[in-house]
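Residue-level listing of the chains:
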Amino acid sequence: MYRTLLSLYSLGYYLALAFSLPFLYLRKSRTGKGAHLKERMGKSLAPRPPSDRKAIWIHAVSVGEVKAIAPLANLLHSKGFEVLISTTTETGQQVAKDLFKDTARVLFFPLDLPGVCRRFLENLTPDLILLTETEFWPNFIHAASQAGVPTMVINGRISDRSYPRYRRTARLLRPVLDRIEHFCMQSRRDKDRILSLGVPEEKVNWVGNLKFDYRLEKPKDNSLEELIRTALRSEAPDRHEEQLIWLCGSTRDGEEDLLVPVFLHLKEKHPGLKWILVPRHPHRCGKVRELLEGSGIRSILRSALPPETENQKADCILVDTIGELLHLYPLADLVYVGGSLVPTGGQNPIEPAAFGKPILFGPHMENFHEIAKSFVDSYA
């Protein structure tokens, strides 16, 4: 029965992949953002060189998960383990390469097809696989089990959005979950949810959220800070005018429409207010800039700094680069955590909090439910 389900799943995966190819091509031609199918097929994947060291493969989907595993990955490396880190998204890949350029091999996660998964496992020969959050890929987990490689879930969570779906498919999902050795869940609620899907209690622990362990430090190089402050400096500053900076990080489609009138209203009361706006996906910056200009907000793209002339002073820096948000938090007087005014699950408020910044977020913090609750309960 289990193999029949795997075969049906694989067939569905093949069909979905085939139908998505035209859309992936169009997205790449419009945004330059590819799906990296060649890398995810593993046809040119270099085998791991022979080594006496044990290899641990950590899969982190995107930017947030990559940052969360940093303390763990660095600790494993310091203990003598060889660390392999895979991501699914292009942005996650870039951040991982920056964070682990000297400590880990970074690659794209394989497409969840039987032959592809076996190819990756045969070439990388890991001794242990750690999957972050809820990366339950049936063929990959099955291939690891067949190869005798134990798999664990770390920083596990089951969101409000995905839990009903998992409940409906619990009988189909159970054979996949049975092949996972252990589950380290973020919260008591996440532990209860994975138990309700039929996982034995002895295989589950509530260990907290790795994201609380991520250490943030103000960058030693303050060139970016000076660049931003220069671009936002008022043309004829009033010495009685207080310049404040509002940073909105990782905003999603639809949020800027809500944030623009807020900024304009606040600027009436605080003429020295400036704005740093960081869309979650940089390819949206063209559309966002049109919105800003249509609202009378002068903006400069981060990639265009430094401005060539004095008359390019702006009210808003629109950040169209990747991996700089952490370096921008020290500039802010107030931080809005994006993805929370629209139903996309929110973003991690721990990062701005680590810099001691006042934080705002909207009602949609489903992906960070326990963290958001702890902040609200602590008046943070």
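The structure under discussion appears in the preceding block.
Further remarks concern the state of the cysteines. Scanning the model with the defined rule gives zero disulfides in all. The thiol of Cys316 is not disulfide-bonded; the next cysteine sulfur, from Cys248, is found 8.6 Å away.

Here we come to the nonpolar core. With 39 residues, the main nonpolar core has Trp57, Phe136, Leu177, Phe183 and Ile194 as its most contacted residues. Only α1 (2–31), α5 (114–124), β4 (128–132), α6 (138–146), α7 (163–168), α8 (170–178) and β6 (182–185) provide two or more residues apiece to this core. It is α5 that provides the largest number of residues to this core, a total of five residues. Contacts of Ile194, omitting those with residues within four sequence positions, involve Phe136, Ile158, Leu177, Phe183, Met185, Val199 and Val204. Counting 21 residues, the second largest nonpolar core, distinct from the first, contains Leu232, Ile276, Ala314 and Phe355.

With phi around 55 degrees, Asn155 is a residue other than glycine that occupies positive phi space. Looking at where Asn155 falls in the secondary structure, it is placed in strand β5 (residues 151–156). A relative accessible area of 4% means that Asn155 is categorised as buried. Non-glycine residue Tyr379 carries a positive phi angle of around 55 degrees.

A separate point is the environment of Glu226. Within the secondary structure layout, Glu226 lies in helix α10 (residues 223–232). Residue classification places Glu226 among the partly exposed residues on the basis of a relative accessible area of 39%.

Okay, helix α9 (residues 188–196) next. Three or more residues of α9 are buried, namely Asp190, Lys191, Arg193 and Ile194. Buried residues in α9, looked at end-on, bunch into an arc of 165 degrees, giving them a common side. Contact partners of the buried residues in α9: β5, α7, α8, β6 and β7 (204–206). Phi for Gly198, located one or two positions after α9, is positive at around 100 degrees.

Reading the values: the criteria
Residues numbered from 1 in each chain as written. Predicted model: local features only at pLDDT ≥ 70, side-chain atom pairs only at ≥ 80, totals over all residues. Heavy atoms only, no water. Disulfide = S-S within 2.5 Å. Core = buried A, V, L, I, M, F, W, Y, C linked by side-chain atoms within 4.5 Å. Buried < 20%, exposed > 50% of the residue type's maximum accessible area, 1.4 Å probe, protein only. Helix = DSSP H or I, 4+ residues; strand = E, 2+ residues; numbered from the N terminus. Contact = heavy atoms within 4.5 Å. Arc of directions from axis to C-beta.

None of this, on its own, says anything about what the molecule does.
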